[in-house]
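# Chain and residue survey
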Amino acid sequence: MSIEINYKSKTSIGSSTNLVLFSNEKFKINGLKKYLSEAEFSYISDLLKTSDLKKNLFVFELNSKKKIVLISIKDDIKTFDIENLGAEFYNRINYGKDSEYFINSDTVNSKKENFLGHFLHGLKLKSYEFKKYKTKKDSRKITINLFGNKNKPSNNSQIKFGALEEGTFLARDLVSEPGNILHPDEYAKRISDLKKHGLKISIYDEKKLKKLGMNALIGVGQGSIRGSYLVTMEWKGLKNDSKPLAFVGKGVCFDTGGYSLKPAKFMEDMTYDMAGSAAVVGLMKSLALRKAKVNAVGVVGLVENMVSGNAQRPGDIVKSYSGKTIEVLNTDAEGRLVLADAITFTEEKFKPRFIIDLATLTGAIIVCLGSEYAGLFSNDDKLSKQIFNA
């Protein structure tokens, strides 16, 4: 299913036009009379009298060719809830054949800035699907036409949301790729392609990593026939030389656990063990696409933790980039080895204002917090609060 969004100044509403209107949270629709025929207004009013008004969204099928979607807006609605409304709208229209909907921007009555920008952003994020390897292709298309004189997203906000979406979709694509496709060699190549967006990309292969003394990172990947890499992505959005923001991601493209082998059950999920790095790569693409006025650097360690005659053993001792020696008691504790070298390198080379690292570091965090919350550990309360609020 593909999504196309058009911004129109005028449009004519016919008998077969699917129309999207907004109301207040109590579904008072008197102000919508001018956008509906008398019969349509009467029909919808009668149905609302017997409906559960705690819902956010109603779809009224007037005939086989026309639907009217009515969406309520809470007075104190938060940005996240607006995006959820867009996602819910997508869920309700994502079925059947090709379809086209017309959103009347003039009916938005919300004090929240850029309401429709966030609404369409939520819709686009929800529409993501990874079907690259499906034998049967889905060629269906949903067309969204936004019309009216008020509340339309500005060109700048469209660029911003578009950049966020492209970065998010890149991260999701990377995480969704299987391990036999997105191994460290291929991953490094894909990051290199981001140069075209204005990012400065530097790739450190094994020869360079050995010279630097990144033996903790190299040790994790030494059992694989694939290479191990540290890749840096620099975005200079400010003309000055102010300290950059730094983001470091764990990129274990597949994690067998090494000789401390994981159980077979669910091991296929270990292709996701590079999700922290994917978030960093997607972020850096977003910053470049929106020409963000910030200096930032993304650093990812790319390895594959495999079992072979050359793999790291429990009990091995390696010397990290920092000069500290590490005894490896469990080869499935590989993420901290990758991050140890990557974080120290980032701190020394770029001297950033702060470092945020992202990693699928331990399944124990899910045992502790469940699947709806992420764990956050920090030595900076102010930064933690900023992240939490964001």
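These lines cover the structure that appears in this document, whether it is placed above or below.

What counts and what doesn't
- Residues numbered from 1 in each chain as written.
- Predicted model: local features only at pLDDT ≥ 70, side-chain atom pairs only at ≥ 80, totals over all residues.
- Heavy atoms only, no water.
- Pairing = 2+ DSSP bridges.
- Helix = DSSP H or I, 4+ residues; strand = E, 2+ residues; numbered from the N terminus.
- Axes fitted to C-alpha atoms, helices over the stretch in contact; angles between N-to-C directions.
- Contact = heavy atoms within 4.5 Å.
- Buried < 20%, exposed > 50% of the residue type's maximum accessible area, 1.4 Å probe, protein only.
- Arc of directions from axis to C-beta.
- Parallel < 35°, antiparallel > 145°, perpendicular 65-115°, else oblique.
- Left-handed = near helix turned anticlockwise from the far one by under 90°.
- Nonpolar A, V, L, I, M, F, W, Y, C, P; charged D, E, K, R; others polar.
- Phe/Tyr/Trp six-rings, centres within 6.5 Å; stacked < 30°, edge-to-face > 60°.

## As for the sheet that holds strand 6 (residues 141-147)
Pairing in this open sheet of six strands is mixed, and the strands run 1-6-5-2-4-3 from one edge to the other. In this open sheet, the two edge strands, each paired with only one partner strand, are strand 1 (2-7) and strand 3 (57-61). Here the strands of the sheet are splayed against their neighbours by 20° on average, with no regard to which way each runs. Where strand 2 (residues 18-24) and strand 4 (residues 67-73) come together, six bridges link them in parallel fashion. Among the inter-strand pairings, Val20 is bridged to a residue of strand 4, identified as Val69. Helix-sheet contacts for helix 1 (residues 38-49) involve strand 3 and strand 4, and the interaxial angle to strand 3 is about 130°.

## Remarks on helix 5 (residues 184-192)
The complete set of buried residues in helix 5 reads Pro184, Asp185, Tyr187, Ala188 and Ile191. Around the axis of helix 5, the buried residues are gathered within 165° of arc, so they sit on the same side. Packed against the buried residues of helix 5 are helix 4 (155-176), strand 7 (200-204), strand 8 (229-236), strand 9 (245-255), helix 8 (275-289) and strand 10 (295-305).

## Some thoughts on the packing of helix 3 (residues 115-126) against helix 4
Axis separation between helix 3 and helix 4 bottoms out at 11 Å; the angle between their running directions is 20°. One way to sum up the angle between helix 3 and helix 4 is to call them roughly parallel. Relative to helix 4, the crossing made by helix 3 is right-handed. Here Gly117, His118, His121, Lys124 and Leu125 of helix 3 lie close against helix 4, whose contacting residues are Phe161, Leu164, Glu165, Thr168, Phe169 and Arg172. Its residues assigned to classes, the contact of helix 3 with helix 4 comprises four nonpolar, four polar and three charged.

## As for the packing of aromatic side chains
Enumeration according to the criterion identifies 14 aromatic pairs in this entry. Seen from their ring centres, Phe58 and Phe60 are 5.9 Å apart, and the 25° between their planes marks the pair as stacked. You'll find Phe58 and Phe60 in the same group, each marked buried. One aromatic cluster in this structure is built from Phe22, Phe89, Tyr101, Phe115 and Phe119.

## Some details on the environment of Ala342
The residue Ala342 is located in helix 9 (residues 335-350) in this model. Apart from residues no more than four positions distant in its own chain, Ala342 is found in contact with Leu230, Val248 and Val299.

## Looking at the pairing of strand 9
When you tally the buried positions in strand 9, you get 11 out of 11 residues, the bulk of the element. In this structure, strand 9 lies alongside strand 10, joined through nine bridges in parallel fashion. In the strand pairing of strand 10, Gly251 is matched with Leu302. Two elements, strand 9 and strand 13 (residues 354-358), share five bridges in a ladder whose sense is parallel. Its bridge partner being in strand 13, Gly249 is matched across the sheet by Leu358.

## Description of the sheet that holds strand 10
By way of backbone hydrogen bonds, the strands of a sheet pair with one another, either parallel or antiparallel. The strand order across the open sheet built from five strands is 7-8-10-9-13, with neighbouring strands paired in mixed fashion. Strands at the two margins of the open sheet, each flanked by one partner only, are strand 7 and strand 13. Averaged over all neighbouring strand pairs, the angle between strand axes comes to 15°, with direction disregarded. In this sheet, strand 10 lies alongside strand 8 in antiparallel orientation, the contact comprising eight bridges. What sits directly across from Lys236, in strand 10, is Asn295.

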